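Listed here are the chains, written in short residue letters.
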Amino acid sequence: MTVSYSADPVPYSPGVETPEPDEAETTKELLQTLRKISETTYKDGGHALRSVHAKSHALLEGRLDVLDGLPPELAQGIFARRESYPVMLRLSTNPGDILDDSITVPRGLAIKVLGVEGERLPGSEGATSQDFVMVNAPAFAAPNARKFAGSLKLLAATTDQPQILKKAVSAVLRGAESVVEAFGGESAALKTMGGASQTHPLGDTFYTQTAFRYGDYIAKLSLAPVSPELTALTGTTLATFGNPNVIRDAVGGFFRRNPGSWEIRVQLCTDLDAMPVEDASVEWPEDRSPFVAVARITLPPQTGWSEQRSHVVDDGFAFSPWHGLAAHRPLGSINRVRKLSYEMSAGFRAEHNGCPIHHPGKAARLPE
């Protein structure tokens, strides 16, 4: 299979990033806010959770196959040559507390590719895995770290609120978002605070939202469903009323009976003005540079979620955009402040749960 590519990508150089003057202070604020979320949920439940994306809905394993015949612009990093890797996926929702699924918020999908060799990013030396962290929207809810810190404080303030109140607010926000969309718009803020749609997550497309180094170039990545069993779910909704774990049940029910396949797609930056690195809220125009498939992830039928898998992945693993190869270095304001934030969250869980964070080797498997 040969993949064609006609765009003229912008070469990567350190100069594509422009740190904010107060970025160190912003990072400090973020760490304090995330720590507050973790301390609150630990006090309430006696178990340390992730500061964000605390609730897992599926913990899955399968295989990633890099496509053959990629042009030089796309044959970069772990996609440089045809290769197969074991892969693990964690489907989640973004708050730092465990919520009823009727409180509809954006979904996240974290990918851990195992057995990857190459020059490592700082802090991930000695490991042999590559993480990609995605959300089911093409652009980030905030343009930069400073705005992100402000929105996270709003989210943190809801951590201790009663779930019955959150359900009511979520229903109102979904209605407001549907009105915005009816007039051709979209509000990332409304979705983040509980106004996201109730679509089936296995039919959603997930995006890195922020920019990354892609070997010699700059890119964003996406994960799109391609097998018929998955694409049939695109746009379908889940009835969340009366079942606090409807997403977990729906995904588990699907994988008890079906396999599933997704494509990893890459969108190369071809214009730094139209496709900025530092403003993560800008959706890169696909008419300037389309997403192109570079690999396929295939999952066999399996257990979608279990207490045993949760203990291994939710307690023992960490997923971070800063865990991986130097060829996929995270770029931009949002990503720079993420590094210490993810490290703090993982450290908090390890300390309070007595379960060291580790990175699985190529032969690692999830319990059935």
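Residues numbered from 1 in each chain as written. Predicted model: local features only at pLDDT ≥ 70, side-chain atom pairs only at ≥ 80, totals over all residues. Heavy atoms only, no water.

The name recorded for the protein in an unreviewed UniProt entry is Catalase, from Skermanella aerolata.

### Structural notes on the side chain of aspartate 314
Rules: Where helices and strands are cited, they refer to DSSP runs of H or I of at least four residues and of E of at least two residues respectively, numbered from the N terminus. Residue burial is assigned from relative accessible area. The probe radius is 1.4 Å, only protein chains are included, and a residue is buried under 20% of its type maximum, exposed over 50%, and partly exposed in between. Identification of polar contacts relies on pairs of N or O atoms within 3.5 Å, with a donor-acceptor requirement for protein atoms, meaning one able to donate a hydrogen and the other able to accept it, and with residues adjacent in sequence counted only if both atoms are side-chain atoms. Residue contacts are defined here by distance: any two heavy atoms, one from each residue, within 4.5 Å place the two residues in contact.
Inspection of the secondary structure assignment puts aspartate 314 in helix α7 (residues 307-316). For aspartate 314, a relative accessible area of 10% translates into the label buried. Within the structure, aspartate 314 has its side chain in polar contact with the side chain of arginine 90 (distance 2.7 Å). Every residue in contact with aspartate 314, bar those within four places of it in the chain, is listed here: Arg50, Ser56, Leu59, Arg90, Trp305, Arg309 and Arg349.

### Regarding the pairing of strand β9 (residues 292-299)
Looking down a regular strand, the side chains alternate between one sheet face and the other. Note the threshold: Any two strands with at least two DSSP bridges between them are considered paired.
Burial analysis of β9 places six of its eight residues in the buried class, the great majority of the element. Across four bridges, strand β1 (residues 55-66) lies against β9 in antiparallel orientation. Across the sheet, the residue bridging to arginine 63 is threonine 298, located in β9. Strand direction decides the pairing type here: strand β8 (residues 260-268) and β9, joined by seven bridges, are antiparallel. Looking at β9, one finds that serine 261 is bridged to threonine 298.

### Describing helix α8 (residues 333-353)
Structurally, the α-helix is built with 3.6 residues per turn, so residues lying three or four positions apart point the same way. Rules: Each residue after the first adds 1.5 Å to the expected span of a helix. Axes are fitted to the seven residues ending at a residue and to the seven starting at it; the angle between these axes is taken as the bend at that residue.
Along its 21 residues, α8 runs 31 Å from first to last C-alpha, staying within 8% of the 30 Å computed at 1.5 Å per residue. Of all the bends found along α8, the most pronounced is centred on lysine 339 and spans about 35°. Among the residues of α8, Ser333, Ile334, Asn335, Arg336, Val337, Arg338, Ser341, Met344, Ser345, Ala346, Phe348 and Arg349 are the ones counted as buried. In this structure, the buried residues of α8 make contact with α1 (23-45), α2 (145-157), β6 (212-214) and α7. Where α8 ends, the next residue or the one after it, glycine 354, has phi of about 65°, a positive value.

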